[in-house]
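Each chain, written out:
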Amino acid sequence: MWKIAVGFVLFAALALFIIFKAGDKVDMQGESGNPTEAHVESASATATEKASASLPAATTSAIPAVDPSAISASK
């Protein structure tokens, strides 16, 4: 049990040492990365939308149409 307490104290001391050494330079925003990265992703999404809009639409449906009179005639 005492080993867990000593390990916790050592880990807390190391964490505090790193925090105090870094000062205000610590970035806690996760994967913020490159600020232009979001702009690049949105530009590629726009290009994909334009490419899909230029494709011709399908004229036939994959689901066949059902004639309501044929259903009532079979009953």
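What you see is a predicted model; the values in this text were computed from it and never measured.

A look at the overall build of the chain
Piece 1. When helices and strands are tallied, the chain shows three helices and zero strands.
Piece 2. Relative to its full complement of 75 residues, the chain shows a buried share of 0%.
Piece 3. Of the roughly 7300 Å² of accessible surface on the chain, a fraction of 68% belongs to carbon and sulfur atoms.

Some remarks on a nonpolar patch on the surface
Piece 1. Judged by side-chain polarity, Trp2, Val6 and Leu10 come together as a nonpolar surface patch covering roughly 360 Å² of accessible area.
Piece 2. Looking at the element boundaries, Val6 is found in helix α1 (residues 2–22).
Piece 3. For Val6, a relative accessible area of 41% puts it in the partly exposed group.

Focus: α1
Piece 1. Compared with an ideal rise of 1.5 Å per residue, which puts 21 residues at 30 Å, α1 spans 30 Å between its outermost C-alpha atoms and is within 8% of the ideal.
Piece 2. Phi turns positive, to about 65°, at Gly23, one or two residues after α1.

Re the confidence of the model for the chain
Piece 1. Of the residues in the chain, 51% reach a pLDDT of 70 or more, and the chain-wide mean stands at 74.
Piece 2. Highest mean pLDDT in the chain belongs to α1 (93); lowest belongs to helix α2 (residues 37–54) (62).

Rules used in this analysis
Residues numbered from 1 in each chain as written. Predicted model: local features only at pLDDT ≥ 70, side-chain atom pairs only at ≥ 80, totals over all residues. Heavy atoms only, no water. Helix = DSSP H or I, 4+ residues; strand = E, 2+ residues; numbered from the N terminus. Buried < 20%, exposed > 50% of the residue type's maximum accessible area, 1.4 Å probe, protein only. Areas by Shrake-Rupley, 256 points an atom, 1.4 Å probe, with all protein chains shown as cover. Patch = residues over 30% accessible without salt bridge, like charges linked within 9 Å, V, L, I, M, F, W, Y side chains within 5 Å. Salt bridge = Lys/Arg side-chain N within 4 Å of Asp/Glu carboxyl O. Expected span 1.5 Å × (residues − 1). pLDDT = per-residue confidence, 0-100.

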